[in-house]
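Analysis of the macromolecular model
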Amino acid sequence: MKTLQLSGDRDNDILSAAEVLKKGGLCAIPTETVYGLAADAYNGEAVKKIFEAKGRPQDNPLIVHIADLSTLFELWDFVPEQALRLAQEFWPGPLTMVMKKTAAVPYEVSCGLDTVGVRFPEHPVARRVIELAGVPLAAPSANLSGKPSPTLASHVAEDMQGRIDAILDGGACSVGVESTVVDMTGEVPRVLRPGAVTEEMISEVLGDACTDPAVEGGLKEGQQVRSPGMKYRHYAPESPVSLFCGAPDDTAREILTLPASAVICFDEYKAEFEALGFDCVSIGSSWDHAAHARRIFDALRVSDGGKKIYIQCPRRVGMGAASVNRLMRASGFDSTLCSPYPVIGVTGRSGSGKSYLSRKLGEMLGLAVFDSDMEYKKMLRENGELTKAILKAFPEADAEGRVDRRALGNIVFRDGRKKALLESITHPLVAKAAGEFARARGGAVLDVPLLFESGIDRMCTATLGVYAGEELIFDRICARDCISAEAAKLRLDAQPELKFYFDRCDLMVKNDGDDLNALRKIAEKLIKI
Ligand code: TXA
Ligand code: MG
């Protein structure tokens, strides 16, 4: 079979793709998650061909893609209120919801189940093809069964050239892992496959959500699965894959003791791995879950050259759960835990109540709390390593062998380069103290305003950002530090925006006063390594 190469940039090509689909053919289409291998969802014979082209097991049902909410009512026999609320919040987007199907959904799509998963993708080319085809499209990921999912048209071509009618190129997928699959048939929405829409995000909209236990572990012998896709080894290159879990510093240290091989690593460690002869593919900064998701499937394909592949596993909390789930399956659950105890980094803007929540979190989890501000002040009072290093770099701040903090403050507040110099001294020493603290106590909560700036995030097994309403923060700072409104504003302006923390932290918690329910809900997630 000759496979047509079509471009999503050309309207005529999108039209040709829709024609292929209308005639009962197969066309790979771009979506924001991964490329899908699409067929007319109402045409059982066409859908059968998807299973043949992929070599997909006959009992693994397909997701149906729509471009108009009203189509949902053709596919589900009942559309619950909760589903509509999720649709309103997350559609179009990377969320698939499962409900009881109507008779319009053929056996070939649902593989005999009485339910069907439906998704309204965001990618404009996907939506256009669905609209032009005039029918919903059944589409699994457009890879050979068992291989990493395709996030580029070239990945699809690698697997599917000659096996399908057409490939419609829509560029690189912006999310990079498949949609979140959530079962809406029960009382509480249940995540069957984690994705960019996290359990926490669903829970925030509906008040509750859970994750199916099969998502985390391998399946035990004879165990029933709700989502048939969960039972297969998946996403796997030819080469053997080993996963290393825990804090990024710990996983890097462990892999670096092994004979050089291929490694999928975080940006921060790339130079170190290369210096020891590893073939590296990096997937972004260790905190950057969105980058990990975007890059892991490509990284698995690129690293597949015969050598054993070691992987620095992202943290599994929040959006990290999506990438970790794929990597666990790519490795056939061959994973090594490299961190001996939990280390939870807590950060956020000044006045958001980090220290209070850190103490509460420590109490809930039985972990000691390291307060980096207090530790820093203590280290300055003592005539130790930190004091000596600072006085050497800033002799102007020398007050008879002690650091004059006001003088030091005046020097660095006005001069960015001097501030950077000071931080290059303080950060490693505070980090060292934090590491020793956690080691001595077998785990810790680290309360660190400059968690990411100092690199202390890299010794953490999980990170939590705390935020509060701006007004509340403002009042707290004025009252706590007895400063004027102007001074408080200056201090807040000098700090990163809230987005900085939302982008980097595994989880965020809103601190609205004394209500600790939100914290209680996520404490157990944070302590899991
Ligand atoms: O992002 C995505 O979801 C991509 C793009 C193309 O939309 N599609 C995708 O499809 O990943 P696929 O077939 O590779 O994965 C579908 C997953 C499987 O794990 C399957 O078992 C599960 O969804 N699934 C489908 N229908 C289901 C149902 N009725 N009940 C439970 N799980 C279902
Ligand atoms: Mg798939």
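The paragraphs below set out a description of the structure included in this document. Since we're looking at a predicted model, the values are computed, not measured.

**Looking at the overall build of the protein chain**
Looking only at helices and strands, one finds 21 helices and 23 strands in the protein chain. Taken over C-alpha atoms, the radius of gyration comes to 26 Å for the protein chain, in line with the 24 Å a tight globule of 529 residues would show. A buried classification covers 56% of the 529 residues belonging to the protein chain. The contacts in the protein chain between residues at least 6 apart in sequence include a share of 68% that link residues at least 24 apart. Accessible area for the protein chain stands at about 22,800 Å²; split by element, carbon and sulfur atoms hold 50% of it. With 64 positive and 74 negative side-chain charges, the protein chain shows a spacing of 3 Å between the two charge centroids.

**Quick look at the pairing of strand E22 (residues 462-467)**
Burial analysis of E22 places six of its six residues in the buried class, which makes it a mostly covered element. Neither face of E22 is left uncovered, since the one carrying Ala462, Leu464 and Val466 and the one carrying Thr463, Gly465 and Tyr467 both have all their residues buried. Direction of pairing for strand E17 (residues 343-348) relative to E22: parallel, over a ladder of five bridges. Among the inter-strand pairings, Val346 is bridged to a residue of E22, identified as Leu464. Pairing geometry for E22 and strand E23 (residues 507-510), over four bridges, is parallel. Counted as the bridge partner of Leu464 is Leu507 from E23.

**Overview of the sheet that holds strand E12 (residues 241-245)**
Pairing in this open sheet of five strands is parallel, and the strands run E14-E13-E15-E12-E16 from one edge to the other. Lying at the two open borders of the sheet, with one neighbouring strand each, are strand E14 (279-282) and strand E16 (335-337). Within the sheet, the average angular offset between the axes of one strand and its neighbour, ignoring direction, is 20°. By the bridge criterion, four bridges tie E12 to strand E15 (residues 309-312) in an arrangement that is parallel. Looking at the pairing, Ser242 lines up with Tyr310 of E15. Of the strands in this sheet, E12, strand E13 (262-265), E15 and E16 touch helix H9 (residues 248-256), which is tilted by about 160° from E15.

**Describing the environment of Ser372**
Looking at the secondary structure, you find Ser372 in helix H14 (residues 372-381). Residue Ser372 is classed as buried on the basis of its relative accessible area, which comes to 6%. For the pair Ser372 and Ala434, spaced 62 residues apart in sequence, the C-alpha separation works out to 7.6 Å. Residue contacts for Ser372: discarding those within four places in its chain leaves Val430, Asp447, Val448 and Pro449.

Each value, and the rule that gives it
- Residues numbered from 1 in each chain as written.
- Chains lettered and ligands numbered in written order.
- Predicted model: local features only at pLDDT ≥ 70, side-chain atom pairs only at ≥ 80, totals over all residues.
- Heavy atoms only, no water.
- Helix = DSSP H or I, 4+ residues; strand = E, 2+ residues; numbered from the N terminus.
- Rg over C-alpha atoms; globule rule 2.2 N^0.38 Å.
- Buried < 20%, exposed > 50% of the residue type's maximum accessible area, 1.4 Å probe, protein only.
- Contact = heavy atoms within 4.5 Å.
- Areas by Shrake-Rupley, 256 points an atom, 1.4 Å probe, with all protein chains shown as cover.
- Lys, Arg positive; Asp, Glu negative; His and termini not counted.
- Charge placed at Lys NZ, Arg CZ, Asp CG, Glu CD.
- Pairing = 2+ DSSP bridges.
- Axes fitted to C-alpha atoms, helices over the stretch in contact; angles between N-to-C directions.

These results come straight from atomic positions and should not be treated as a statement about function.
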